[in-house]
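These are the residues of each chain, in order.
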Amino acid sequence: NKLISSDNKGYAALLFESELPGEFVAAFAQSNEGDVSPNTKGAKCIDTGLPCAANRSTCHGKNELCIAFGPGKDMKDSTRIIATLQYEKAMELYKAATIPLKGPIDFRHSYVKISNQTLEVNGEMVRTCQPAMG
């Protein structure tokens with residue numbers, strides 16, 4: 001998926017920037033993020049409510065029935081809840097800061113086909129597998 005969504009990080013930045021006058025840019029950057037979805041209640045089968053098959057993220061062999069949920073009533077509400085928590089903590093830290101951060105901003109972004117990587121684990125060469133919804 002090469003589409004980029006602001007998800008909870010972008011919404012948190014929007015909340016933060018709306019509180020500050022001028023040209024302030026809020027960046028909620030991260031690294032080694034793993035599953036950053038706001039779906040804290042996990043993936044469940046929409047027909048039964050039971051957890052999805054962990055090894056394939058499917059329900060009865062169909063991935064269309066496996067949907068992740070939480071903490072809100074839907075994806076937008078979940079994004080709002082998690083973004084608001086991130087924003088509130090960031091604003092608390094910002095207001096408590098005593099040393100301004102100055103200097104240029106830079107970034108790096110790359111796409112890696114993570115399902116086809118070779119790496120060494122305990123002296124043995126292994127390959128990564130297909131992703132699963134968490």
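Residues numbered from 1 in each chain as written. Predicted model: local features only at pLDDT ≥ 70, side-chain atom pairs only at ≥ 80, totals over all residues. Heavy atoms only, no water.

A. Fine view of the overall build of the protein. Across its full length, the protein carries two helices and four strands. Scanning the protein from its N terminus toward the C terminus, one meets helices and strands in the order α-β-β-α-β-β. Burial statistics for the protein: of 134 residues in total, 22% are counted as buried. For the protein, long-range pairs separated by at least 24 residues make up 51% of all intrachain contacts whose partners lie at least 6 apart in sequence. Accessible surface computed for the protein: about 10700 Å², of which carbon and sulfur atoms make up 57%. (Helix = DSSP H or I, 4+ residues; strand = E, 2+ residues; numbered from the N terminus. Buried < 20%, exposed > 50% of the residue type's maximum accessible area, 1.4 Å probe, protein only. Contact = heavy atoms within 4.5 Å. Areas by Shrake-Rupley, 256 points an atom, 1.4 Å probe, with all protein chains shown as cover.)

B. Main features of the state of the cysteines. Inspection of the entire model under this criterion finds two disulfides. Here cysteine 45 is linked by a disulfide to cysteine 59, with a sulfur-sulfur distance of 2.1 Å. In this structure, the disulfide formed by cysteine 45 and cysteine 59 twists by about -95° around the S-S bond and is classed as left-handed. Of this pair, cysteine 45 sits in strand S1 (residues 42–45) while cysteine 59 sits in the loop between S1 and strand S2 (66–69), and the two are 14 residues apart along the sequence. Exposure remark for cysteine 45: the relative accessible area of 7% places this residue in the buried category. Two residues, cysteine 52 and cysteine 66, share a disulfide whose sulfurs are 2.1 Å apart. (Disulfide = S-S within 2.5 Å.)

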